[in-house]
Each structure stands twice: as structure tokens, then as C-alpha cells.
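# Examination of the molecular architecture
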Amino acid sequence: MRAALRVLLNGYDYLVLYLGLAWLGILCLAWTPIALLIYPLLSERRGRALGRYFTMAAFRFYLASLSLSRRCSFDLEALDVLRDEPSLIIAPNHPCLLDAVMVISRLPNVACVLKDDLMNNVFLGAGARLARYIRNTPVRRMVQQATQDFDCGSHLLLFPEGTRTTSCPVNPFKGSIGLIALHAQVPVQTVLIETDSAYLSKGWPLFRKPPMPIHYRVRLGRRFDPPQNTQRFMAELEHYFAHELVQGSAFYPTHSLPAQADRTLS
């Protein structure tokens, strides 16, 4: 009997994962023709507002669907206090592909910095362009567009690692977040994303089943004032993440601080 139950549960887990990935693709594809159609018809202000609100709603609906399966849980309520905050940069660590989905699902007016291939992606491109998301190249234009977007009172989602984490607890940070914060003179709100699974991490095969259930938790970290020196700021930011992700974590064992977290500020 127990063996039969394990087989059934294993099959259910595969069903949740495969249908979950398909469901996200369907939601994105359903929005694509609509976004393409209304993009030239709406003003930039209205297109941006509609695009960002719909993306938030779609991602929230998607995560709620996964939660109903009882095989994934998302503790994201900490992000809700940011909804009415003035312009700031939201800087999370990046353990998996769902990180942006989790953050955007709670915030109605957030821009996201995306790679060129994602801005042209058949699933995400049309919606991203309607929402006036920002390309990550060239760097000067990215900084200018981000600064202009803050004039609308929006938030900017930018991952300091630049890609998904491969070196526990965080990769070496990129300098773009410091440049934008310096140029726009907006604070940086750190966000700590924690999970007990490597699912959809860097190098994880898309259809490989992880041990389940999977738990995700998001908590707010320290808010940094706009920097005056970007090099010093980036070193301090990376040092903070490397310590806080372990010391305040629900998933790391006590006293398991990796050697990377002990790098000193330069």
C-alpha cells in the first residue's frame, strides 16, 4: 500500500511540474496577441500601467495555481509593504527562474531589467515591451531609461548577481545596480529569496523533478541609501547578502556560513 501511494504521489508531482510549466506558457502566450494589438493604441503612460498590472495579476494567479497543488508554497507577503513606497530599486538574490515571477506578482508598478533575448522572446517579449521593461544593453541607455522610469514613481527590479546563483550563497555582484542608484539617487531595497530546493536553478534541466514539496520564502532585508561611491557600495551590498542569506535563513543550518560570506570589504 505504501509503495502504491509513493508511486501515485510521484506521478502527481510530475503532473504538477509539467502542467505548471505549460500553464505559465499558456498565460504568457494568451497575453501576447493582446499586448501586440494594444501597444500602438495606448499612450506610453497607459500602456505601461496596464502592462505592469496585468503581468502582476497573471503571475499572482499562476503562483496561486501552484499553491493549490499543495506541492509548492510561496511565502511572499513581506513584499506587500513595498506597494505604496516611493521609487526605489528592488534588489533580490537569484536562486531560480521563478524569482522575478514571485517579486512581480506582488507589485503593480515595477519595471524589470531584461536581457535582449527575453525582450524578443515569443512568450515574454510583447508583454515586456507594453510594460516598458528595460533592456540591459547598452549600459548607458539602461541607466538613462531606469532613471526616467523613476519619474513615474515606479520601482525597478534588478538582480545584483546578473544571473542565477551558482556560487553559494551569492555570485559576485555586477556594478549596474550601483550605477543606477548613484545616477538616479534612489535607495536600494534588498530582498532575500530563500528556498529548500534547487529546482530551476542555474543548470537545472527544465523537466527534471526535484524532491517535493518545494517551499519559497521572501523577506525584506536592509535598505541602502543612494551610494556616493559605487565600488564601495557594491562591496558592501555583496557582503551583506552573503551574511544575511545564511544567518537569517530558515533553510541554512546554523553556523554554516560559507567562506564566501567572509570576504572583507575593500
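Residues numbered from 1 in each chain as written. Predicted model: local features only at pLDDT ≥ 70, side-chain atom pairs only at ≥ 80, totals over all residues. Heavy atoms only, no water.

Before going further, it helps to examine the overall build of the chain. Helix and strand counts for the chain stand at eight helices and seven strands. Taken over C-alpha atoms, the radius of gyration comes to 19 Å for the chain, in line with the 18 Å a tight globule of 266 residues would show. Principal-axis analysis of the C-alpha atoms gives the chain an extent of 65 × 55 × 30 Å. Scored against the burial criterion, the 266 residues of the chain give a buried share of 49%. (Helix = DSSP H or I, 4+ residues; strand = E, 2+ residues; numbered from the N terminus. Rg over C-alpha atoms; globule rule 2.2 N^0.38 Å. Buried < 20%, exposed > 50% of the residue type's maximum accessible area, 1.4 Å probe, protein only.)

Moving on, we come to the sheet that holds strand β1 (residues 72-75). Taking strand neighbours across the sheet as the criterion, the seven strands line up as β1-β7-β6-β2-β5-β3-β4 in an open arrangement whose pairing is mixed. Where the open sheet ends on each side, the last strands, each with one partner, are β1 and β4 (134-135). When strand β2 (residues 89-92) meets strand β5 (residues 155-157), the two strands line up parallel, connected through two bridges. Bridging across to β5, Ile 89 finds its partner in Leu 156. Packing of helix α2 (residues 44-68) onto the sheet brings it into contact with β1 and β3 (110-114), and relative to β1 it is tilted by some 135 degrees. (Pairing = 2+ DSSP bridges. Contact = heavy atoms within 4.5 Å. Axes fitted to C-alpha atoms, helices over the stretch in contact; angles between N-to-C directions.)

Our next topic: the packing of helix α6 (residues 139-150) against helix α7 (residues 176-184). Two elements in contact, α6 and α7, have axes separated by 9 Å at closest approach and are oriented at 45 degrees. The angle between α6 and α7 places the two elements in the oblique class. Judged by the sense of rotation from one axis to the other, the crossing of α6 with α7 is right-handed. When α6 is examined against α7, the residues Val 139, Met 142, Val 143, Ala 146, Thr 147 and Phe 150 are found in contact with a partner set consisting of Ser 176, Leu 179, Ile 180, His 183 and Ala 184. (Parallel < 35°, antiparallel > 145°, perpendicular 65-115°, else oblique. Left-handed = near helix turned anticlockwise from the far one by under 90°.)

Enumeration over the complete set of coordinates arrives at 11 salt bridges. Linking Asp 13 and Arg 71 is a salt bridge whose minimum nitrogen-to-oxygen distance equals 2.7 Å. Of this pair, Asp 13 sits in helix α1 (residues 2-38) while Arg 71 sits in the loop between α2 and β1; the two residues are 58 residues apart in sequence, bridging distant segments of the chain. Assigned by exposure class, Asp 13 and Arg 71 land together as buried. Close ionic contact of Arg 106 with Asp 80 constitutes a salt bridge, the shortest N to O distance being 2.8 Å. One end of the pair, Arg 106, is in the loop between α3 (99-104) and β3; the other, Asp 80, is in the loop between β1 and β2, and 26 residues separate them in sequence. (Salt bridge = Lys/Arg side-chain N within 4 Å of Asp/Glu carboxyl O.)

Before going further, it helps to examine the pairing of β1. Going residue by residue along β1, you find Cys 72 and Phe 74 tucked away on one face and Ser 73 and Asp 75 left uncovered on the opposite face. The pairing of β1 with strand β7 (residues 214-224) spans four bridges and is parallel. Note that in β7 the partner of Cys 72 across the bridge is Ile 214.

A volume near 1400 Å³ is recorded for the largest pocket. Surrounding the largest pocket, 50 residues form its lining, Leu 97, Ala 100, Leu 114, Leu 118 and Leu 124 being those nearest its centre. Secondary-structure elements contributing two or more residues to the lining of the largest pocket are α1, α2, α3, β3, α5 (125-130) and α6. Looking at which element gives the most residues to the lining of the largest pocket, the answer is α1, with nine residues. When its residues are assigned to classes, the lining of the largest pocket shows 35 nonpolar, 11 polar and four charged. (1 Å grid on protein atoms, 1.4 Å probe; cavity = no way out; pocket = protein on both sides within 12 Å on 5 of 7 lines; lining within 4 Å. Points joined across faces, edges and corners; volume = space filled by probe spheres on them. Nonpolar A, V, L, I, M, F, W, Y, C, P; charged D, E, K, R; others polar.)

A few words on the environment of Ser 176. Summarising the element assignment, Ser 176 is placed in helix α7. As a C-alpha pair, Ser 176 and Val 81 span 95 residues in sequence and 25 Å in three-dimensional space. Contact partners of Ser 176, with chain neighbours within four places excluded, come to Met 142 and Leu 158.

Attention now goes to unusual backbone geometry. Cis geometry is adopted by the peptide bond preceding Pro 138, which originates at Thr 137 and carries an omega value of -10 degrees. Relative to the elements of secondary structure, Pro 138 occurs in the loop between β4 and α6. At the junction of Met 212 and Pro 213, the peptide bond is cis and its omega measures out at 10 degrees in the coordinates. Tracing the chain through its elements places Pro 213 in the loop between β6 (188-195) and β7. Phi at Gln 185 takes a positive value of approximately 55 degrees, unusual for a residue other than glycine. When you line up the elements, Gln 185 lands in the loop between α7 and β6. The class for Gln 185 is partly exposed, based on a relative accessible area of 41%.

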